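# Coordinates in review
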Amino acid sequence: MKKSLIALNMAVVVGAGSLFSAGFASAESISELKKKESQIEENRSKVHSNIKDAEKSIDHVKGKQADLASQLEKLEKQMKETENKIDKLTAKIAKTKEQIETLKKEIKVLEDKIEKRNELLKERARSYQATGGNMNYLEVVLGASDFGEFVERLSAVSTIMDADQDLIAEQERDKKALEDKKKSVEQKLSDLESMMAEVKEMKAKQEQQKKEKNQLMKKLKAEQKKLEKEKIGMEEEADILAGQKAAIKKAIKQEEARQAEIAKQKAAEEKRQAELAKQRAAEAKKKSSQSSSSSKSTNAGSSSASSKSSTSSKSSSSSTSSSSHTAAPAPSSSAASGIFMKPAAGYFSSGFGGRWGTNHNGIDIAASGSVSIMAAADGVVSRSYFSSSYGNAIFITHYINGKQYTTVYAHLSSRMVSNGQTVKKGQQIGLMGNTGQSYGQHLHFEIHEGPWNINKSNAVNPRKYF
Ligand SMILES: [Zn+2]
């Protein structure tokens, strides 16, 4: 029901002191605040140079992506060429196979013809044999009635024989030619097929390359996303630091004014006390000359007044002494419980500490409907803004009993305070919501005892306070 707050790169966010009711700041604490202010400035310039570095890294990654994109484009072109080659080879192979089939048919036709011719010759030979064995041709020739007929018969017989044999020889030659052609076409087919194997191998290689390059591209995109997220975090951090700087400036001014006021009051009080003492002395003198019984009652009144005056002078002097910090109530659990109030009505939907392998640096308070979010203590709003992770978020810097705290209120539906605004404990600062990385309406609330840091190591369980 809530978000994992991505590390909002919070480098030391130093809280500002302030003039609030519980403040016991001294001159020393003002110099402390000023030191913190310069620390913030130092951190701010560090963050700005980190942002520049992040920008450089993003540019570098983008450059790598552009290189890779042009490589991929080139590869795509090559792959298209390979694809074309495969198409052409496929067509050629099909055509060649067709040629081979045609040749096979033609050869078969010739073979049949030769077979028939041979049958015919055999038939003829058998018929000669039936009429007189091997001598039939001779008998035909010798049976001629005269020389003229003899010559005629002789030539006729040889013509028939020659014609038969010529025809067969011719057919055999044709068959041989066809077989040679078939062989060469088959060779061509085998060449084409080995070419196809090479091209297919190339295609496989290109596909592997494409896969690798796409994976690299994915990695680079993820790297860019991560860097951009980090950059956004740093920009957020820079903004928060700027807010803290403004808050601390305001706190210093308020503290100085408060001390001036205290000094003025102290001087006035001392003057009043001196006058009172003088007056009393005069009265005592006057009364002692009147009666001793009435002087007793006056002395009692005077003693009570002087003890009151000593208390008041002690409290005002403590504001200028360093002992003011220890003068604050001892941080017993009962005293601590008074510092912060529960910032919203609702039930505790998630506690402080480890969760889902990450650390939950605050607590979650959930409720439905329109729920007020209140400042947990007096303070100065150091940041009121929208964050992609926190959603509508408010940071308040507190300076309580000489100690600095930072509270964070996240996922609000609306914010009612702005940067640098002074707020009172219990004052409404916004409405509970479900903005940013949040799943369901709730308040994510953090208390940091001291400044923020990148590891949120000052985050404490707010439940110790309420
Ligand atoms: Zn939370």
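Residues numbered from 1 in each chain as written. Predicted model: local features only at pLDDT ≥ 70, side-chain atom pairs only at ≥ 80, totals over all residues. Heavy atoms only, no water.

## Thoughts on the confidence of the model for the chain
Convention followed: By definition, pLDDT measures how confident the predictor is in each residue, and it falls between 0 and 100. By definition, any uninterrupted DSSP run of H or I lasting at least four residues is a helix, any uninterrupted run of E lasting at least two residues is a strand, and each is numbered from the N terminus. Two residues form a contact once any of their heavy atoms are found within 4.5 Å.
When the pLDDT values of the chain are averaged, the result is 79; 78% of them are 70 or greater. Confidence scores differ between elements of the chain, with helix α5 (residues 324-327) showing the lowest mean pLDDT of 37 and strand β11 (residues 428-431) the highest of 98. For the stretch residues 1-24, pLDDT sits under 50, and the model shows 117 contacts to residues farther than four places along the chain or on other chains.

## Describing the nonpolar core
In summary, soluble globular proteins display a tendency toward joint burial of nonpolar side chains. For clarity, the threshold we go by: Definition used in this section: a nonpolar core is a set of buried Ala, Val, Leu, Ile, Met, Phe, Trp, Tyr and Cys residues joined via side-chain atoms within 4.5 Å. Burial status follows relative accessibility: with a 1.4 Å probe on protein chains alone, a residue under 20% of its type maximum counts as buried, one over 50% as exposed, and anything between as partly exposed.
Ranked by size, the top nonpolar core spans 26 residues in total, and within it F340, I373, I394, I396, Y409, I429 and L443 carry the most contacts. Counting residues per element, the ones that place at least two in this core are β4 (363-366), β7 (391-400), β8 (403-412) and β12 (443-449). Apart from the residues within four sequence positions on either side, F340 is in contact with A376, A377, H398, I400, Y405, T407, K425, I447, Y465 and F466. With 13 residues, the next largest nonpolar core counts I86, I93, M196 and V199 among its residues.

## Focus: the sheet that holds strand β9 (residues 414-415)
Here is the rule: For two strands to count as paired, DSSP must find a minimum of two bridges between them.
If you walk across this open sheet you meet the three strands as β5-β11-β9, and the pairing is antiparallel. Across the chains shown, the open sheet's two edge strands, defined by having one partner strand only, are β5 (372-374) and β9. Sheet topology places β5 next to β11; three bridges connect them, and they run antiparallel. Across the sheet, the residue bridging to I373 is G430, located in β11.

## Things to note about a negative patch on the surface
Our working rule: Here, patches come from residues exposed beyond 30% relative accessible area and free of salt bridges, joined within 9 Å for like charges and within 5 Å for nonpolar side chains (Val, Leu, Ile, Met, Phe, Trp, Tyr). Residue-level accessible areas treat just the shown protein chains as cover; the underlying method is Shrake-Rupley with a 1.4 Å probe. Here, a salt bridge means any Lys or Arg side-chain nitrogen found within 4 Å of an Asp or Glu carboxyl oxygen. Note that His is not counted, nor are the chain ends; the positive residues are Lys and Arg, and the negative ones are Asp and Glu. A charged residue contributes its charge at one atom only: NZ of Lys, CZ of Arg, CG of Asp or CD of Glu.
Together, D162, D166, E170 and D174 give the surface a local cluster of negative charge. Relative to the helices and strands, D174 is located in helix α3 (residues 147-288).

## Here's the deal with the packing of aromatic side chains
Quick note on the threshold: Centre distance within 6.5 Å is the pairing criterion for rings of Phe, Tyr and Trp, where only the six-membered ring of Trp is used; planes under 30 degrees apart are then read as stacked, over 60 as edge-to-face, and the remainder as tilted.
Evaluation of the coordinates by the stated rule reveals seven aromatic pairs. With 5.0 Å between their ring centres and 80 degrees between their planes, F340 and Y465 make a pair best called edge-to-face. Of the two residues, F340 sits in the loop between α6 (333-336) and β1 (347-350) while Y465 sits in the segment after β13 (459-460), which places them 125 residues apart along the sequence. The exposure class of F340 is buried, given its relative accessible area of 1%. Geometrically, the ring pair formed by F348 and F466 is stacked, given 6.4 Å between the ring centres and 15 degrees between the ring planes.

## Considerations on unusual backbone geometry
Positive phi, close to 70 degrees, is recorded for H411, a residue that is not glycine. By secondary structure assignment, the location of H411 is in strand β8. Classification of H411 as buried rests on a relative accessible area of 0%.

## Topic: the pattern of salt bridges
Tallied over the full model, the rule gives 16 salt bridges. Note that K104 is salt-bridged to E101, the shortest N-O span being 3.6 Å. Here K104 pairs with E101, and both are found in helix α1 (residues 27-130), just three residues apart, close to one helical turn. K104 sits in the partly exposed class, given a relative accessible area of 40%. Judged by its relative accessible area of 41%, E101 is partly exposed. The salt bridge partner of E235 is K231, with a shortest N-O separation of 3.6 Å. Taken together, the residues span about one helical turn, with E235 and K231 both in helix α3 at a distance of four residues. The partly exposed category is assigned to E235, whose relative accessible area is 31%. Salt bridges linked by common partners bring E55, K231 and E235 together as one network.

## Points about a positive patch on the surface
A contiguous patch of positive charge, built from K88, K92, K95 and K188, is present on the exposed surface. A relative accessible area of 61% means that K88 is categorised as exposed.

## A look at the side chain of T96
Looking at the element boundaries, T96 is found in helix α1. Its relative accessible area of 2% is what places T96 among the buried residues. In contact with T96, other than residues within four places in its own chain, are V185, K188, L189 and L192.

## Thoughts on the pairing of β11
As judged from the two bridges shared by β9 and β11, these two strands associate in the antiparallel manner. Within β11, the position partnered with S414 by the bridge is L431.

## Some details on the environment of E223
Residue position: E223 is located in helix α3. C-alpha separation for the pair E223 and S57, spaced 166 residues apart in sequence, amounts to 9.5 Å.

## A few points about the side chain of T435
Under the convention used in this document: For the purposes of these results, a polar contact is taken to be a pair of N or O atoms within 3.5 Å, where, inside protein, one atom must be able to donate a hydrogen and its partner to accept one; residues adjacent in sequence count only when each atom of the pair is a side-chain atom.
Examined against the element boundaries, T435 turns out to sit in the loop between β11 and β12. Of note is the side chain of T435, whose polar atom sits 2.8 Å from the backbone oxygen of L412. Aside from chain neighbours lying at most four places away, what touches T435 is F386, Y390, G391, N392, H411, L412 and S413.

## Things to note about the pairing of β12
For β12, the buried fraction is high: six of the seven residues fall into the buried class. In the sheet, β4 pairs with β12 via three bridges, with the strands oriented antiparallel. Each bridged residue has a counterpart across the sheet, and for D364 the counterpart in β12 is H444. Across six bridges, β8 lies against β12 in antiparallel orientation. When the sheet's bridge partners are listed, Y409 is paired in β12 with F445. For β12 and β13, the ladder comprises two bridges, and the chain directions are antiparallel. Looking at the pairing, I447 lines up with V460 of β13.

## Observations regarding the environment of E172
Turning to its location among the elements, E172 is positioned in helix α3. Its relative accessible area of 38% is what places E172 among the partly exposed residues. Each C-alpha atom, one on E172 and one on E111, is 8.4 Å from the other, the two residues being 61 residues apart in sequence.

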